[in-house]
Amino acid sequence: MAYAAGDRREPVSISPATQADAVAAMHGEAYAYAAYRAYAAQAADDNLETVAKLFRKTASQERYDHFAGLARFTDLVGSDVDNLTDAIAGERYEATVMYPAFARQAQRDGCTAAAEVFTELSGDEKHHAQRFAAARDALTDPGADQQFPVGERIPAAPIPAGSPRCTGQTPANLDSAMHGEAFASLKYALYAGHAQLAGHPRLARLFRAARSQELNEHFAEEAALAGLVRSTDENLRTAVAGEQQEATTTYPAYRDRAAQHGDSDAAQLFNELAQDEAVHASRFACLSGSVPGRHTHVHGQPQS
């Protein structure tokens, strides 16, 4: 059930409830992709290549099969102008509403580090919105300067293992932000693929640069504060719990709700995803508990 970025299908009308569930599912799949990449890096650092390979393989399926399939089903990718309009709205919301509110809450929670990161990210999202707006102007106005800024791609950096650094409401805000950044990164990857196929390579570069910053910088900084990465054994157990939740609760609920609204194709898709997640849970469970030592290095120091 793998789909390429440029694949299209005949539009299918689905209920607002099913559409909302599919969007929520995409956020979950994108988050799993980003988290499993980080878990794979930790396992590789622990010289547990079998575990690292499983995390990488599962991350790939979450992105190229599950997320891409949901995106195709919901017609997430539109025209280049539509994609830019969507991106501008999302970036402006994060820059002017979400991240400033998260920064104020972090200050109230006494987590200065998170407040600083949220403020920094607010500025980044503002720049993204400005670049996307310039690109849209260039596409819609034949006389406009086509050399809009595209930014630079940010290389991936390891997310250090460690405990959560904040309390109060901020951990939940970090989780919400990570889901949003992961979703944006995969969405922009699809938008970039569409732009490339449409003959707009500079726009594809813009989306890829933004995608890299959302994942490799924004998600990573938030994940470090949230304590996303722990010991490899803990990461495996976290993965098992998450996959079991999706397999037994989340996707079955989406499936049943879609069926109730007469969205039979969506119900079938959600059911297939539930089955896949059950397989993932089983594979992770086979390795969980078998990791020797159950130790990792946190900020250079061994932690049990």
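We note that asparagine 47 has phi near 60°; this positive angle belongs to a residue other than glycine. Of the residues examined, asparagine 47 reaches a relative accessible area of 68% and is grouped as exposed. We note that aspartate 75 has phi near 55°; this positive angle belongs to a residue other than glycine. Of note, aspartate 75 is situated in the loop between helix H2 (49-73) and helix H3 (80-108). Judged by its relative accessible area of 26%, aspartate 75 is partly exposed.

Put simply, helix H4 (residues 112-140) and helix H6 (residues 201-226) touch, their axes get as near as 11 Å, and they point 170° apart. Judged on the interaxial angle alone, H6 and H4 are roughly antiparallel. Looking at the contact of H4 with H6 residue by residue, the classes come out as 13 nonpolar, three polar and eight charged.

Another point: the state of the cysteines. Applying the stated criterion across every chain, the model contains one disulfide. Note on cysteine connectivity: cysteine 111 is disulfide-linked to cysteine 166, with sulfurs 1.9 Å apart. Taken as a pair, cysteine 111 in the loop between H3 and H4 and cysteine 166 in the loop between H4 and helix H5 (170-197) lie far apart in primary sequence, 55 residues in all. Across this residue pair, the class does not change: cysteine 111 and cysteine 166 are buried.

Attention shifts here to the packing of aromatic side chains. Aromatic ring pairs are defined here through the distance separating the ring centres and the angle between the ring planes. Counting across every chain of the model gives 18 aromatic pairs. Taking the centre distance of 5.9 Å and the plane angle of 85° together, the rings of tyrosine 251 and tyrosine 254 count as edge-to-face. Taken as a pair, tyrosine 251 and tyrosine 254 lie in helix H7 (residues 232-260) at a separation of three residues, close to a single helical turn. Judged on exposure class, the residue tyrosine 251 and its partner tyrosine 254 are both buried. Pairwise contacts between aromatic rings join Tyr36, Tyr39, Phe55 and Phe284 into one cluster. When the ring centre of phenylalanine 148 is taken as reference, the NZ or CZ atom of arginine 202 above it lies at 5.7 Å.

The next point concerns the pattern of salt bridges. All told, the structure shown has five salt bridges when counted by the stated rule. Residue arginine 257 is joined to aspartate 21 by a salt bridge in which the shortest nitrogen-to-oxygen separation is 2.8 Å. One end of the pair, arginine 257, is in helix H7; the other, aspartate 21, is in helix H1 (residues 16-45), with 236 residues separating them in the sequence. A residue is classified by how much of its surface remains accessible, and arginine 257, at 32% relative accessible area, is partly exposed. Here arginine 237 makes a salt bridge to aspartate 233, at a shortest N to O gap of 2.9 Å. One end of the pair, arginine 237, and the other, aspartate 233, are both in helix H7, four residues apart, so they sit about a helical turn from each other. On the basis of relative accessibility, which here comes to 41%, the residue arginine 237 falls in the partly exposed class.

What follows concerns H7. For H7, spanning 29 residues, the distance from its first C-alpha to its last is 40 Å, which sits close to the expected 42 Å at 1.5 Å a residue. The largest bend along H7 measures about 45° and falls at glutamate 246. One or two positions beyond H7, positive phi appears at glycine 262, with a value near 80°.

We now examine the confidence of the model for the protein. Per-residue confidence for the protein gives a mean pLDDT of 91, with 91% of residues at or over 70. Predicted confidence is poor over residues 1-11, with pLDDT under 50, and the contacts of this stretch with residues over four places away or in other chains come to 23 contacts. Contacts for the low-pLDDT stretch residues 294-304, under 50 throughout, to residues beyond four places or in other chains number 27 contacts.

In this structure, the largest pocket spans a volume of roughly 320 Å³. Those elements that place two or more of their residues in the lining of the largest pocket are H1 and H7. Residue composition of the lining of the largest pocket, by class: ten nonpolar, six polar and two charged.

Right, let's get into the packing of H1 against H7. Geometrically, a packed helix pair is captured by the angle between its two axes and the distance between the axes. For the pair H1 and H7, interaxial distance at closest approach is 11 Å and the crossing angle is 165°. Comparing their axes, H7 and H1 come out roughly antiparallel. Crossing geometry of H1 relative to H7 is assigned as left-handed. Across the interface between the two elements, Thr18, Asp21, Ala24, Ala25, Gly28, Glu29, Tyr36, Tyr39, Gln42 and Ala43 of H1 pack against Thr232, Asn235, Thr238, Ala239, Glu243, Glu246, Tyr251, Tyr254, Arg257 and Ala258 of H7.

Cut-offs used in this document
- Residue numbers restart at each chain and count upward from 1, following the sequence in its written direction.
- This being a predicted model, a pLDDT of at least 70 is required before a residue's local features are given, and a value of 80 or more before pairs of side-chain atoms are given or counted; all residues contribute to the totals for chains, interfaces and linings.
- To get the side-chain values, all heavy atoms of the structure are used, and hydrogens and water are removed first.
- Residue burial is assigned from relative accessible area. The probe radius is 1.4 Å, only protein chains are included, and a residue is buried under 20% of its type maximum, exposed over 50%, and partly exposed in between.
- Secondary structure elements are defined from DSSP: runs of H or I of at least 4 residues count as helices, runs of E of at least 2 residues count as strands, and each element is numbered from the N terminus.
- Interaxial angle, 0 to 180 degrees, is taken between N-to-C directions of lines fitted to C-alpha atoms, where a helix line uses only the stretch in contact.
- Orientation is classified from the angle alone, with under 35 degrees giving roughly parallel, over 145 giving roughly antiparallel, 65 to 115 giving roughly perpendicular, and any other angle giving oblique.
- Think of it as three bins: nonpolar holds Ala, Val, Leu, Ile, Met, Phe, Trp, Tyr, Cys and Pro, charged holds Asp, Glu, Lys and Arg, and polar takes everything else, Gly as well.
- For this text, the term disulfide refers to a pair of cysteine sulfurs within 2.5 Å.
- Stacked, edge-to-face and tilted labels apply to pairs of Phe, Tyr and Trp rings (six-membered ring for Trp) whose centres lie within 6.5 Å, assigned for plane angles under 30 degrees, over 60, and everything in between, in that order.
- Criterion for a charge above a ring: Lys NZ or Arg CZ within 6 Å of the ring centre, and within 35 degrees of the ring normal.
- Any carboxyl oxygen of Asp or Glu within 4 Å of a side-chain nitrogen of Lys or Arg constitutes a salt bridge here.
- Here, expected helix span is obtained from the residue count minus one, scaled by 1.5 Å.
- By definition, a residue's bend is the angle between the axes fitted to the seven residues ending there and the seven starting there.
- pLDDT measures the predictor's confidence residue by residue and takes values from 0 up to 100.
- Only heavy atoms matter for contacts: two residues are in contact if any of them lie within 4.5 Å across the pair.
- Only protein atoms enter the 1 Å grid used here. Points where a 1.4 Å probe fits but cannot escape make up a cavity, open sets with protein on both sides within 12 Å along at least five of seven lines make up a pocket, and a residue lines them when an atom lies within 4 Å of a point.
- Grid points are joined across faces, edges and corners, and a volume is the space filled by probe spheres set on the points.
- Here a crossing is called left-handed whenever its near helix is offset anticlockwise from the far helix by less than a right angle, and right-handed whenever the offset is clockwise.

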